Structures are given as C-alpha cells and as structure tokens.
Amino acid sequence: GAVVSQHPSRVICKSGTSVKIECRSLDFQATTMFWYRQFPKQSLMLMATSNEGSKATYEQGVEKDKFLINHASLTLSTLTVTSAHPEDSSFYICSALPPRTRGTDTQYFGPGTRLTVL
Amino acid sequence: GQQVMQIPQYQHVQEGEDFTTYCNSSTTLSNIQWYKQRPGGHPVFLIQLVKSGEVKKQKRLTFQFGEAKKNSSLHITATQTTDVGTYFCAGSQLTFGSGTQLTVLP
C-alpha cells in the first residue's frame, strides 16, 4: 500500500519558536495532501488542504499565518507552526491522496507528529 | 456544513462479543470511509462505501451504507484483542466522526 512518512515524530519546543513538520509520500505522487490536528481522545480536525503548486485551502477558524503550508513538490508538504504557544500542543497528522483509481478517495496517513510547546 | 455524528463514544466488550458503531451524517454523502486508529498510532484506512445500501465484508468486519446515504455502520463479529482501537467514519468532505473507542477485555 501507499506509504506516507512524517518528520519529526515528536518535537518539544519553547513558546515563541517555530516548528516545521514534513509530510512525504514515499512511493506515489500526491497532488493533494491534508493536514489534521487531533487532541487527546478526540477526532481528527481538518486544518487545511495542501495542493501542489498552489496555495493551501484552510478550514474555517484555522489561521493561515499561524499554520504555514508549503506543497513544493508532488511528494512533500510542510506545515510550519509559527510562534508556537502551549495551546498549539497537539498531534498533527498529514495524509496524502494518491492518484485516483477506481473512484476511491482513500487517504493514506502519516504516523503523526506530537508537538509539545513549553 | 457537513456534520458527522458517531455513536457510541466508548464501548467495552468481552472478547468474543460482537461490536457495532454507527455513523450519521447531517447531509447526504457521496461516499463514506472507515478508519481504525490504534492507541498511539495513526488512522489506517479500512474501507470506502459508495453505493446506496452497500454492504461490504472484511473477515469479521461488516460495513453498511444506508439507503439514503446518510448513515453507515461497522459491525465486528466475535471481537478479538487485536480489534482494540478507535474506529472513525469520515464523510466525503473529509469530516470525521467523533470516533468510537473500542476496548476488548480478554
């Protein structure tokens, strides 16, 4: 099956610093990637849709200047949490959409990044 | 916007018992997907349902899509400890249900 990697898996940073998270599709090209946020014991909340070569589409309530997304190639999307604060601490998960086959919209998820802001 | 409700939130079963989680959407869905997330892990795709009234089986798992394409269910027959995790449904607008956390007691 399709493999998506995410780096780093864990990061601890001080308040006010910026953190970059990478999401890579390892064995397929993904024109579309998604970024989610998950709080403990809660569901996934879609933050934004990352499209290769164009600006990301952010969900309502997500600050685009706070969460910078860059989808510079067909296999890499990055999420930068700028000026992180403790309330940004969460589990960030990316997913990638492989080329559409048989009409499915299967997303393949990365392993996630646990961000802790002190 | 699309809202997807999922019940129950938690379910504890004895190993060997059956388990069902239900998903209801506020709008008609073009498709619905089911994912499983193990504790500490990430969501893993299980299946996608597209057709009205569709039923699909994967070994002990049975997935159903309602006739009106607004609800779906996942049924596990004779649960095993390996079934432990949180099961999410997701609507066609990438709206995830709240998930059902399944605990299987040996």
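Residues numbered from 1 in each chain as written. Chains lettered and ligands numbered in written order. Predicted model: local features only at pLDDT ≥ 70, side-chain atom pairs only at ≥ 80, totals over all residues. Heavy atoms only, no water.

J.: So what exactly am I meant to see when it comes to the overall build of chain B here?
T.: Scanning chain B from terminus to terminus reveals 0 helices and 10 strands. Reading chain B from its N end, one meets helices and strands in the order β-β-β-β-β-β-β-β-β-β. Taken over C-alpha atoms, the radius of gyration comes to 13 Å for chain B, in line with the 13 Å a tight globule of 106 residues would show. Its C-alpha atoms give chain B principal-axis dimensions of about 40 × 25 × 20 Å. Taking all contacts inside chain B whose residues are at least 6 apart in sequence as the whole, residues at least 24 apart take part in 53%. Carbon and sulfur atoms provide 52% of the accessible area of chain B, an area that totals close to 5100 Å². For chain B, the distance from the average position of its 9 positive side-chain charges to the average position of its 6 negative side-chain charges is 9 Å. (Helix = DSSP H or I, 4+ residues; strand = E, 2+ residues; numbered from the N terminus. Rg over C-alpha atoms; globule rule 2.2 N^0.38 Å. Contact = heavy atoms within 4.5 Å. Areas by Shrake-Rupley, 256 points an atom, 1.4 Å probe, with all protein chains shown as cover. Lys, Arg positive; Asp, Glu negative; His and termini not counted. Charge placed at Lys NZ, Arg CZ, Asp CG, Glu CD.)

J.: Just to check I follow, could you spell out the environment of Ser-30 of chain B for this structure?
T.: Residues and elements named next belong to chain B. Examined against the element boundaries, Ser-30 turns out to sit in the loop between β3 (19-25) and β4 (32-37). Once the C-alpha coordinates of Ser-30 and Leu-94 are considered, the two residues, 64 residues apart in sequence, prove to be 11 Å apart. Those residues in contact with Ser-30 that lie beyond four places of it in its chain are Val-50, Lys-69 and Ser-92.

J.: When you look at the state of the cysteines in this model, what are you seeing that I'm missing?
T.: Two cysteines joined by a covalent bond between their sulfur atoms form a disulfide. Under the criterion given, the structure shown has 2 disulfides over all chains. A sulfur-sulfur separation of 2.0 Å characterises the disulfide bridge that pairs Cys-23 of chain A with Cys-94 of chain A. Measuring handedness by torsion sign, the sulfur bridge of Cys-23 of chain A and Cys-94 of chain A sits at about 80° and is right-handed. One end of the pair, Cys-23 of chain A, is in strand β3 (residues 19-25); the other, Cys-94 of chain A, is in strand β9 (residues 90-97), and 71 residues separate them in sequence. A relative accessible area of 0% means that Cys-94 of chain A is categorised as buried. Between the sulfur atoms of Cys-23 of chain B and its disulfide mate Cys-89 of chain B the distance is 1.8 Å. (Disulfide = S-S within 2.5 Å. Buried < 20%, exposed > 50% of the residue type's maximum accessible area, 1.4 Å probe, protein only.)

Distances and angles like these do not, on their own, reveal function.
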